[in-house]
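# Observations on the three-dimensional arrangement
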Amino acid sequence: MAFERYIWSGNRRLRLGYTTGTCAAAAAGAAARALLFGEPPASVTVRVPAGEGIEVEVVETRRDASGVTCAVRKDGGDDIDATDGALICARVELTGAECIEIDGGAGVGRVTKPGLDQPVGAAAINSVPRRMIAEAVEDALAEAHQDRGAKVTIIVPMGEEIAAKTFNPNLGIVGGISILGTTGIVEPRSLSALRDSIELEIRQAAALGARDLVVVPGNYGSDYVSGNLRIGAVPVVACSNFMGAAIDCAAREGFERVLVVGHIGKMVKVCGGIMDTHSRVADARMEILAAHAAASGAPAERVRQIMDAATADAGLEILQREGLVAPTCESLSRALSIRLGRRAGKAMSVAALVFSNVYGELFRTPGADAMLAAWEVAHG
C-alpha cells in the first residue's frame, strides 16, 4: 500500500513518505485495536500534525499472554533514508493506570547525552511521535469505551544495524534508531533543485530592487528574525544547508549588504569554513566549538566534555559553568567574520548574528550592528 502523495521539486515529481513517528503511531493504534476488539486490522489511519489522515498497512500481528504486537513498514517515499523499508513495531498491553506509558524496546535507541529532545536515559522517541502514539491508543480505548491506561513499547527489529548508518552514534543515541518526525510526513528533496530554488529566490529579490538581504539556514533563523529583529522590507531567504551557494549568488546578483542569522548548531560549522552544512557532507560542530573553547582558556577536561557533547547547546552549557561563553563566542565571531568575508570577497558586506534556542543571542560579527541599525531606521 504505497503512500500516493506527491510534490514537484524542480522538474521532478517526487513521492512523499511517512516518518518513523507515523509508523510507530500506526503500529500502536493497530495493536490497541487488535487487543480491544479481537480482530487485527488490515490497515489503520493515523492523524498526523501536517493535518491529514494517513492510511498505513499493518503487515504483521502477534499475540502473547498479556498484549498484542503489530508491525508496519516504513515508507520514505522518494527520500533517501536509512530507515526506508524497516519494520516498526508496537506492543500494547492494558494497565490499571490512567495514562499511556510509552517506551522503547529492542532496536530503539537510548539517549546518553544531554541536549536532545528527550532526557538522558529515555528512549529516543521524540515529543511529537509520543503525542501521536498516545492519541492513536487513546482513540482505540475511547472506541472500546475503556477508561484504562496502556503500556506501549516501540520495537524496531533491525534498529541497531540501521542506526549504524545514521548520525545517532555521534549524538549519543545508542542501541537503535530514533523515532522522529514533526509533521508525520517525509518530503523528499532533490538537492540540486533545492539549491536552484534558493538561488531563484535570491535573484527574484534582486530583480525587485533589493540591495540588502537576510539569509537564514531554516525555520529557527526565520523565527528568530521575525520575533526579535526589525528589518522592515529587507527580504529573508532560507538557504537550508547551502550557505556558501547563497552568499555566492547574492554577490553575483549585486547585493550590497547581507546579514546571516543562524543557530549556533549550524553556524559553528561555518566558523570552520564548512559552507555546505549538511551532516552528510561534514560535521565538525563539536570539534570546532572545542577548539575555540580551548583557545579561550577551557581546561583539557572541559574540552574533552565539549567534544563528547551531543549538541552545540550542550557544549555551551559546559562553557557557561566555566564562565567561558563570552570569550569563546568572541573567538567564534572572529573566525566567522573571516570565513564569510573570504567567501563574499570584495563584492559586498556580509555579517552574522548567531543565537541559541537556550541562551538567546550569542554574538554578532563586525558590521551586523550597523546593518540592523540602518534597517531599523528605515523601518521607522
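The text that follows walks through the structure, step by step, so that each part is easy to find.

Along its length, the protein chain carries 13 helices and 20 strands. Here the protein chain has a C-alpha radius of gyration of 24 Å; the compact-globule value for 380 residues is 21 Å, and the two agree. Taken along the three principal axes of its C-alpha coordinates, the protein chain extends 70 × 50 × 40 Å. The proportion of buried residues among the 380 residues of the protein chain is 50%. Here the protein chain has roughly 17,100 Å² of accessible surface; of this, 49% comes from carbon and sulfur atoms. For the protein chain, the separation between the mean place of its 38 positive charges and that of its 45 negative charges on side chains is 5 Å.

Residue position: Arg-91 is located in strand β8 (residues 87–95). Overall, Arg-91 belongs to the buried group, its relative accessible area being 16%. Taking the C-alpha atoms as reference, Arg-91 lies 52 Å from Arg-203; in sequence the two are 112 residues apart. Leaving out residues up to four positions away in the same chain, Arg-91 has contacts with Asp-64, Ser-66, Gly-67, Val-68, Thr-69, Lys-151, Val-152, Thr-153 and Ile-155. At 2.8 Å, the side chain of Arg-91 and the side chain of Ser-66 are in polar contact.

Reading across the sheet, the 5 strands line up as β17-β16-β18-β19-β20 and stay open at both edges, with mixed pairing between neighbours. A single partner strand is all that each edge strand has here, and the edge strands are β17 (236–238) and β20 (360–364). Between one strand and the next, the sheet's axes are offset by a mean angle of 25°, whatever the strand orientation. As paired elements, strand β19 (residues 349–356) and β20 share 4 bridges and run antiparallel to each other.

As a further point, take the side chain of Thr-20. On the secondary structure map, Thr-20 appears in helix α1 (residues 20–37). In this structure Thr-20 comes out as buried when scored by relative accessible area, which is 6%. A polar contact is formed between the side chain of Thr-20 and the backbone nitrogen of Leu-180, at a distance of 2.8 Å. Ignoring any residue separated from it by four or fewer positions in sequence, one finds Thr-20 in contact with Lys-74, Thr-83, Ile-88, Ile-177, Ser-178, Ile-179 and Leu-180.

Within the largest apolar cluster, 54 residues are counted, with the highest numbers of intra-cluster contacts made by Ile-202, Met-243, Phe-255, Val-258, Val-260, Ile-264 and Leu-336. When residues no more than four places from it in sequence are discounted, the contact partners of Phe-255 are Ile-202, Ala-205, Ala-206, Ala-210, Arg-211, Asp-212, Leu-213, Ala-250, Ala-347 and Met-348. Counting 51 residues, the second-largest nonpolar core is a separate cluster that includes Ala-31, Met-132, Leu-141 and Ile-179.

The subject of this paragraph is the side chain of Glu-199. Among the structural elements, Glu-199 can be located in helix α5 (residues 191–207). Under the relative-accessibility criterion, Glu-199 is labelled buried at 16%. When sequence neighbours within four positions are dropped, the list of residues in contact with Glu-199 reads Ala-245, Cys-249 and Arg-252.

So, about the packing of helix α8 (residues 264–271) against helix α9 (residues 285–295). Axis separation between α8 and α9 bottoms out at 9 Å; the angle between their running directions is 70°. Looking at the two axes, α8 sits roughly perpendicular to α9. Packed against α8, whose contacting residues are Gly-265, Val-268, Lys-269 and Cys-271, the element α9 presents Arg-285, Ile-288 and Leu-289 at the interface. Counted by class, the contact of α8 with α9 contains 4 nonpolar, 1 polar and 2 charged residues.

Here the focus is the environment of Leu-94. Mapped onto the elements, Leu-94 comes out in strand β8. In sequence terms Leu-94 and Ala-150 are 56 residues apart; their C-alpha atoms lie 4.3 Å from each other. Once residues lying within four places of it in the same chain are set aside, the contact partners of Leu-94 are Leu-35, Leu-36, Leu-141, Arg-148, Gly-149 and Ala-150.

Bringing helix α7 (residues 243–252) into the picture now. Of all 10 residues in α7, 7 are buried, a share of seventy percent or more. Residues of α7 that are buried include every one of Met-243, Gly-244, Ala-245, Ala-246, Ile-247, Cys-249 and Ala-250, and no others. Gly-254 sits one or two residues past α7 and shows a positive phi near 85°.

Below, the discussion takes up the pattern of salt bridges. In the structure shown here, the tally under the stated rule is 20 salt bridges. In this structure, the salt-bridge partner of Arg-62 is Glu-60, at a minimum N-O distance of 2.2 Å. Judged by its relative accessible area of 30%, Glu-60 falls in the partly exposed class. A salt bridge links Asp-103 to Arg-110; its shortest N-O distance comes to 2.6 Å. Given a relative accessible area of 27%, Arg-110 falls into the partly exposed group.

About the thresholds
- Residues numbered from 1 in each chain as written.
- Predicted model: local features only at pLDDT ≥ 70, side-chain atom pairs only at ≥ 80, totals over all residues.
- Heavy atoms only, no water.
- Helix = DSSP H or I, 4+ residues; strand = E, 2+ residues; numbered from the N terminus.
- Rg over C-alpha atoms; globule rule 2.2 N^0.38 Å.
- Buried < 20%, exposed > 50% of the residue type's maximum accessible area, 1.4 Å probe, protein only.
- Areas by Shrake-Rupley, 256 points an atom, 1.4 Å probe, with all protein chains shown as cover.
- Lys, Arg positive; Asp, Glu negative; His and termini not counted.
- Charge placed at Lys NZ, Arg CZ, Asp CG, Glu CD.
- Contact = heavy atoms within 4.5 Å.
- Polar contact = N/O pair within 3.5 Å; in protein donor to acceptor, adjacent residues only side chain to side chain.
- Pairing = 2+ DSSP bridges.
- Axes fitted to C-alpha atoms, helices over the stretch in contact; angles between N-to-C directions.
- Core = buried A, V, L, I, M, F, W, Y, C linked by side-chain atoms within 4.5 Å.
- Parallel < 35°, antiparallel > 145°, perpendicular 65-115°, else oblique.
- Nonpolar A, V, L, I, M, F, W, Y, C, P; charged D, E, K, R; others polar.
- Salt bridge = Lys/Arg side-chain N within 4 Å of Asp/Glu carboxyl O.

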